[in-house]
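What follows is the residue order along each chain.
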Amino acid sequence: MTIQENFSLLSYNTFGVKVNARYFAVVQSLEDLQSAILFAKENNLPLLFLGGGSNILFAQDFAGLVVQLNLKGIAIVSQGEDEVLISAQAGENWHEFVQYCLRNNYGGLENLSLIPGNVGTSPIQNIGAYGVEIKDVFHSCTVLHLSTFALETFTLPQCNFGYRDSVFKNVGKGKYVIMEVTYRLTKNNHAIRVDYGAIQNELAKMGVGTPPSIQEVSRAVVAIRESKLPNPKLIGNAGSFFKNPTVDIQFFNDLKLRFPTISGYANEKGVKIAAGWLIEQAGWKGKQIGNVACHHLQALVIINKTGRASGKEIYDFSEKIIQSVKEKFSIVLEREVNIV
Ligand SMILES: Cc1cc2nc3c(=O)[nH]c(=O)nc-3n(C[C@H](O)[C@H](O)[C@H](O)COP(=O)(O)OP(=O)(O)OC[C@H]3O[C@@H](n4cnc5c(N)ncnc54)[C@H](O)[C@@H]3O)c2cc1C
């Protein structure tokens, strides 16, 4: 493993912002990882782990060591007639892993097709799309404790998964690095989840029969995502910049009187409102300031419109959105993207 100095992170973040890490290392084994952590400790450096860089905004240069996890490998842990436990190392690309599972007819991940990033990051914010979250198929993950170097296992209940949330964003933050994740997938009788209208419409367009196969669901999800989300390889972005807020029922009913077209989905904590709708109503959809803009098709996505935006410019733009949504709706949006 080589530790490089003053390293450009331009191609390591999907926003495509030009920032430098004081030190940078790619790790391919547990030994590499331990050496990198020791280097940071000995030199009193802040440490940052990086997967695909698709959920991170570098608002400034990073004055410590960035460790890119390139641990590779997929293995069957156990299997029976109907189920398989399959594990993947943190550095496996998420979509390629999903495709691997689909080629083997393992069901459960198809709705999560084409989410950028790596396997090791999937539990951190409990990635989700089209009615499925990683918690629905998660079995366990192996983590390295940063202080003790002990390898520990986190099971489903220990991860405390919530909406774009987990133990790793709360009490476990900064304590562990995720090395491997194991998923529980189906081999037969797949649970097909197509209750999202968009999937059904896409499947109908594709002319597939009922029920669709998991591979067909994946193709439909890929087609929808390609049609409405900007490809980070072409235009810098990190997907949804904000979380969908949940408000209490009374507050929602009051809002509904003032904004009759608002829609919400009841959940255990109250009513979840689409942040994209709030941002659009506040006049931000398609709006550009300097090098940064709100995407013209999906207001939840902030883009590096000219390719020349700095992280600080993107951060300031997001701050303006938060302020204007707060003024109009008295709701404070929370960022989904990790700010460094
Ligand atoms: C176009 C687009 C669409 C998207 N759509 C979705 C979507 O539908 N659903 C969804 O949930 N997300 C979506 N995202 C967000 C993103 O893809 C996910 O959050 C993904 O899991 C991030 O993975 P990553 O490897 O790129 O994470 P990174 O950005 O590299 O890291 C994210 C955070 O995790 C930390 N980290 C990284 N690896 C580890 C590790 N092994 N152990 C401990 N900490 C680690 C980092 O320090 C950082 O704080 C989208 C992003 C884009 C660009």
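Trainee: Looking at this model, I keep getting lost on the packing of aromatic side chains. Mind explaining?
Mentor: By convention here, two paired aromatic rings are described through the distance between centres and the angle between planes. Tallied over the full model, the rule gives 17 aromatic pairs. A connected cluster of aromatic rings, assembled from ring pairs, spans F7, Y12 and F24. Its guanidinium or amino end placed over the ring of F149, K41 lies 4.9 Å from that ring's centre, counting from NZ or CZ. Over the aromatic face of Y163 sits the side chain of K272, whose NZ or CZ is 3.7 Å from the ring centroid.

Trainee: Help me understand the site of the ligand in this model?
Mentor: Lining the immediate surroundings of the ligand are 33 residues, of which F49, S54, T121, Q125 and R225 lie closest. In the environment of the ligand, an oxygen atom lies 3.4 Å from a nitrogen or oxygen atom belonging to the side chain of R164. Between a nitrogen atom of the ligand and a side-chain N or O atom of R225, the distance comes to 2.7 Å. Of all the secondary-structure elements, those providing two or more residues to the shell around the ligand are β3 (47–50), β8 (128–129), β12 (176–186) and β13 (236–240). Taken together, the residues of the shell around the ligand break down into 16 nonpolar, 15 polar and 2 charged.

Trainee: What is the right way to read the domain arrangement of the protein from this model?
Mentor: Per the domain assignment, the segments of the protein are domain 1 (4–69), domain 2 (74–228) and domain 3 (236–339). Here the C-alpha centre of domain 3 lies 29 Å away from the C-alpha centre of domain 1. Each side of the interface is counted separately: domain 1 has 10 residues, and domain 3 has 17 residues. Counting each side, the surface lost to burial between domain 1 and domain 3 is near 1000 Å², with a carbon and sulfur contribution of 57%. Three residues, F15, N55 and L57, lead the burial of domain 1 against domain 3; their summed loss comes to 61% of the area buried on that side. The interface formed by domain 1 and domain 3 holds 0 salt bridges in total. At the junction of domain 1 and domain 3, the tally comes to 5 residue pairs in polar contact (both at pLDDT 80 or more). Its residues assigned to classes, the side of domain 1 that touches domain 3 shows 6 nonpolar, 4 polar and no charged.

About the cut-offs
Residues numbered from 1 in each chain as written. Predicted model: local features only at pLDDT ≥ 70, side-chain atom pairs only at ≥ 80, totals over all residues. Heavy atoms only, no water. Phe/Tyr/Trp six-rings, centres within 6.5 Å; stacked < 30°, edge-to-face > 60°. Lys NZ or Arg CZ within 6 Å of the ring centre and 35° of its normal. Near = heavy atom within 4 Å. Polar contact = N/O pair within 3.5 Å; in protein donor to acceptor, adjacent residues only side chain to side chain. Helix = DSSP H or I, 4+ residues; strand = E, 2+ residues; numbered from the N terminus. Nonpolar A, V, L, I, M, F, W, Y, C, P; charged D, E, K, R; others polar. Domains from an automatic or database assignment. Contact = heavy atoms within 4.5 Å. Buried area = accessible area lost by both parts, 1.4 Å probe. Salt bridge = Lys/Arg side-chain N within 4 Å of Asp/Glu carboxyl O.

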